[in-house]
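Topology and contacts: notes
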Protein chains: 2
Amino acid sequence: MKNVPAHQVHDCALCPLKQFSVFLPHSKQELETVQSQKRKESLYGPGEEVIREGQIQVPLFTVLQGWAFRFKSTATGQRQILSFLLPGDLVGVQQNMAESAAHGVEALTDLRVCVFERDAMWQLHQQHPALGFKITWLTAKGEWLVDDALLSVGKRSAEERVARLLVLLFKRLRVLQPDFDMREGMVFPLTQQHIADALGLSLVHTHRTLRRLEKKGLHQVRDGRLHVCDPVALAELADLNDSTSQAQRPLV
Amino acid sequence: MKNVPAHQVHDCALCPLKQFSVFLPHSKQELETVQSQKRKESLYGPGEEVIREGQIQVPLFTVLQGWAFRFKSTATGQRQILSFLLPGDLVGVQQNMAESAAHGVEALTDLRVCVFERDAMWQLHQQHPALGFKITWLTAKGEWLVDDALLSVGKRSAEERVARLLVLLFKRLRVLQPDFDMREGMVFPLTQQHIADALGLSLVHTHRTLRRLEKKGLHQVRDGRLHVCDPVALAELADLNDSTSQAQRPLV
DNA sequence: CGACGTGTTGATCTCTCTCAATTAGAGTGG
DNA sequence: CCACTCTAATTGAGAGAGATCAACACGTCG
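In what follows, the accompanying structure is described.

About the cut-offs
- Residues numbered from 1 in each chain as written.
- Chains lettered and ligands numbered in written order.
- Predicted model: local features only at pLDDT ≥ 70, side-chain atom pairs only at ≥ 80, totals over all residues.
- Heavy atoms only, no water.
- Helix = DSSP H or I, 4+ residues; strand = E, 2+ residues; numbered from the N terminus.
- Rg over C-alpha atoms; globule rule 2.2 N^0.38 Å.
- Buried < 20%, exposed > 50% of the residue type's maximum accessible area, 1.4 Å probe, protein only.
- Contact = heavy atoms within 4.5 Å.
- Lys, Arg positive; Asp, Glu negative; His and termini not counted.
- Charge placed at Lys NZ, Arg CZ, Asp CG, Glu CD.
- Salt bridge = Lys/Arg side-chain N within 4 Å of Asp/Glu carboxyl O.
- Expected span 1.5 Å × (residues − 1).
- Near = heavy atom within 4 Å.
- Polar contact = N/O pair within 3.5 Å; in protein donor to acceptor, adjacent residues only side chain to side chain.
- Nonpolar A, V, L, I, M, F, W, Y, C, P; charged D, E, K, R; others polar.
- Axes fitted to C-alpha atoms, helices over the stretch in contact; angles between N-to-C directions.
- Parallel < 35°, antiparallel > 145°, perpendicular 65-115°, else oblique.
- Left-handed = near helix turned anticlockwise from the far one by under 90°.
- Least-squares fit on C-alpha atoms with pLDDT ≥ 70 in both.
- Phe/Tyr/Trp six-rings, centres within 6.5 Å; stacked < 30°, edge-to-face > 60°.
- Buried area = accessible area lost by both parts, 1.4 Å probe.

**Details of the overall build of chain A**
- Counting its regular elements, chain A contains nine helices and 12 strands.
- Against the compact-globule benchmark of 18 Å for 252 residues, chain A has a radius of gyration of 19 Å, which places it among compact chains.
- Projecting the C-alpha coordinates of chain A onto the three principal axes gives extents of approximately 50 × 45 × 40 Å.
- When burial is assessed residue by residue, chain A has 54% of its 252 residues classed as buried.
- Within chain A, counting contacts between residues at least 6 apart in sequence, those at least 24 apart form 72% of the total.
- Mean positive and mean negative side-chain charge positions of chain A (30 and 28 charges, respectively) differ by 2 Å.

**Points about the pattern of salt bridges**
- By the definition in use, this model includes 36 salt bridges over all chains.
- With a shortest N-O distance of 3.6 Å, A:E106 and A:R79 are connected by a salt bridge. Remark: A:R79 occurs in strand β6 (residues 79-85) and A:E106 occurs in strand β8 (residues 104-107); sequence separation between them is 27 residues.
- A:E106 gets classed as buried once you look at its relative accessible area, which sits at 13%.
- A salt bridge links B:R39 to B:E117; its shortest N-O distance comes to 3.8 Å. A residue pair is termed long-range when its members are at least 10 positions apart, and B:R39 in strand β2 (residues 38-44) and B:E117 in the loop between β9 (111-116) and α3 (120-127) qualify at 78 residues.
- For B:R39, a relative accessible area of 39% translates into the label partly exposed.
- Owing to a relative accessible area of 29%, B:E117 belongs among the partly exposed residues under this scheme.
- Connected via shared salt-bridge partners are A:R79, A:E106, A:D197 and B:K155.

**Quick notes on helix α4 (residues 129-155) of chain A**
- For α4(A), spanning 27 residues, the distance from its first C-alpha to its last is 39 Å, which sits close to the expected 39 Å at 1.5 Å a residue.
- Taking burial as the measure, the 27 residues of α4(A) include 20 buried ones, the bulk of the element.

**Quick notes on the protein's contact with DNA strand D**
- A:A158, A:S202, B:Q192, B:H207 and B:R211 are the nearest of the 14 residues found near DNA strand D.
- For DNA strand D, the fraction of atoms within 4 Å of the protein that belong to sugar or phosphate moieties is 66%.
- A:A158 places a polar main-chain atom, nitrogen or oxygen, 3.1 Å from a phosphate oxygen of DNA strand D.
- Secondary structure elements with two or more residues in the surface near DNA strand D: α7 (203-215) of chain A together with α7 (203-215) of chain B.
- The element that contributes the greatest number of residues to the surface near DNA strand D is α7(B), accounting for four residues.
- Looking at the surface near DNA strand D residue by residue, the classes come out as four nonpolar, seven polar and three charged.

**Points about the packing of α4(A) against helix α4 (residues 129-155) of chain B**
- Packing of α4(A) against α4(B) brings their axes to within 9 Å, and their N-to-C directions diverge by 15°. With respect to α4(B), the axis of α4(A) lies roughly parallel. α4(A) and α4(B) meet at a crossing whose hand is left-handed.
- Looking at the contact of α4(A) with α4(B) residue by residue, the classes come out as 14 nonpolar, 10 polar and four charged.

**A look at the relation of the copies chain B and chain A**
- Rotating chain B by 180° about the axis while translating it 0.0 Å along that axis superimposes it on chain A, leaving an RMSD of 0.0 Å. In the structure described here, the two chain copies are related by an operation that fits a two-fold rotation axis.
- Take the interface residues of chain B: 100% of them recur as interface residues in chain A, which is what a same-surface contact looks like.

**Re the packing of aromatic side chains**
- Tallying each qualifying case throughout the model produces eight aromatic pairs over all chains.
- The interplanar angle of 75° and the centroid separation of 5.4 Å between the aromatic rings of A:W122 and B:F133 together place this pair among those described as edge-to-face. Pair noted here: A:W122 is in helix α3 (residues 120-127) and B:F133 is in helix α4, and the two residues belong to different chains.

**Section: the interface of chain B and chain A**
- Contacts between the two partners involve 53 residues from chain B and, on the opposite side, 54 residues from chain A.
- Taken together, both faces of the contact between chain B and chain A bury some 4,700 Å²; the carbon and sulfur share is 65%.
- The partner of B:E143 in a salt bridge is A:R70, with the nearest N and O atoms 3.1 Å apart.
- For the interface between chain B and chain A, the tally reads 15 residue pairs in polar contact (both at pLDDT 80 or more).
- For the side of chain B that touches chain A, the elements supplying multiple residues, two or more each, are β5 (68-73), β6 (79-85), α2 (93-97), α3, α4 and α6 (192-199) of chain B.
- Among the elements that take part in the side of chain B that touches chain A, α4(B) stands out by supplying 21 residues, more than any other.
- Its residues assigned to classes, the side of chain B that touches chain A comprises 24 nonpolar, 16 polar and 13 charged.

**Observations regarding α3(B)**
- By the burial criterion, the buried members of α3(B) are B:A120, B:M121, B:Q123, B:L124 and B:H125.
- Of the surrounding secondary structure, the elements contacted by the buried residues of α3(B) are α3 and α4 of chain A together with α1 (28-37), α2, β9 and α4 of chain B.

No statement about biological role is implied by the geometric values presented.
The structure is reproduced here in structure tokens:
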């Protein structure tokens with residue numbers, strides 16, 4: 001871990017996440033409060049642990065740049081990835097509630113995070129209810145992701161899980177990258193092991209499943225970039241029909 | 001669904017959850033705000049849907065009495081139970097964030113819930129930051145449960161999953177029931193199908209796994225009551241060693 | 001160069017699923 | 001009181017998705 005030197009730390013008013021994160025303040029007062037709670041910015045390298053499972057005194061922070069993931073392990077060391085973290089995601093809300101971290105966080109790429117004071121959670125709620133509300137919102141959004149992952153791991157086939165992970169990441173990424181060119185694909189720092197750990201599959205079976213989807217022409221991963229070749233078919237397989245998704249479900 | 005007649009509705013000051021829920025107000029002003037946001041109390045019977053998946057305009061509510069569960073289904077109708085809801089649990093935070101319900105909620109027993117106004121989330125945050133903070137807390141706690149379930153379904157064997165579910169429910173129940181007698185067991189309204197749906201297992205395999213644990217003398221389910229016969233062995237199997245849980249994990 | 005991480009592929013094994021049929025208890029109606 | 005129905009639990013048998021074990025290929029890096 002390295003701290004960003006003071007003169008390179010972003011001023012909240014110039015935050016690169018300005019257009020994306022719900023967490024960002026809108027009024028001048030809110031801005032000042034957030035700024036006052038900001039402690040520093042830190043950098044991590046790929047594979048570096050940002051939060052260790054069980055660590056105490058976990059800070060609250062936001063991802064500014066790069067990818068990371070939350071995970072939890074069993075006593076035997078089996079690791080399950082709970083969710084992937086992208087710029088704008090808030091981390092550490094759960095941690096602030098308990099004595100020690102309920103899950104670990106590890107960087108996938110070079111990672112830049114914005115770290116807040118330990119009691120920022122409370123200060124933000126207290127001084128600007130609108131910010132508190134946004135924190136709740138982000139927390140709920142985080143739970144949506146986990147709910148969805150649980151449904152996948154519990155009830156979907158390997159193929160469906162992989163397809164869904166790809167499509168969901170693709171969608172999240174596209175939002176963050178407005179000037180996106182379909183032909184170039186998107187940065188995709190996950191190894192097959194990460195995918196396996198996120199989907200509750202073995203490494204070998206994950207590999208075979210990816211290969212199968214690729215042979216069907218649905219996607220391609222090369223040189224750390226993801227190319228979604230057939231978005232429609234992939235979304236279909238992923239049970240992510242944009243259309244009237246909910247209405248289609250059997251009502252009885 | 002039936003609404004509780006006005007004269008039988010609890011006054012917030014006399015809320016039966018007083019001693020349990022973090023959500024409950026502590027100051028007089030907070031109490032008044034919560035009371036003002038309370039719209040009604042409703043009753044549901046076992047198997048009745050409290051929230052339908054995809055339903056719009058979902059209210060915020062708290063469980064007062066009884067059991068329920070949150071669930072999500074695939075396009076093919078496969079149902080995954082995301083978490084079980086007990087008295088004191090807050091439901092509908094996620095829902096308030098999106099247009100439509102991200103998950104359904106179904107009653108397991110006779111269920112009594114306390115329903116709030118649609119914009120209660122915002123009102124509570126705004127008027128009493130401390131309450132907003134508690135809502136965030138409860139939301140984060142809810143996510144902890146799902147994180148844990150995801151780890152189980154992703155990485156644990158059928159036996160471990162069942163054991164863990166039983167122990168976790170047992171612990172949650174014991175907190176809610178201070179005058180608890182070990183010999184009498186606890187109310188346990190889950191069918192094997194519910195357990196299967198929560199753990200991502202088939203009904204048949206869930207049954208066999210339960211039987212195996214029972215034969216080992218770890219637990220017993222009879223007449224809708226759960227008896228934990230060997231708490232230590234069960235917790236062991238469930239990877240829930242109360243002792244120094246976190247410290248035991250491999251640090252590298 | 002050797003070590004290591006990641007991807008790849010084949011062979012084998014097993015946990016868990018699916019299909020199928022039976023039993024037991026609760027409720028309903030004649 | 002008994003036949004009828006429905007749900008939940010139960011048990012057996014066979015099938016399969018995915019796990020495990022084992023090698024090997026390839027690029028990177030100290």
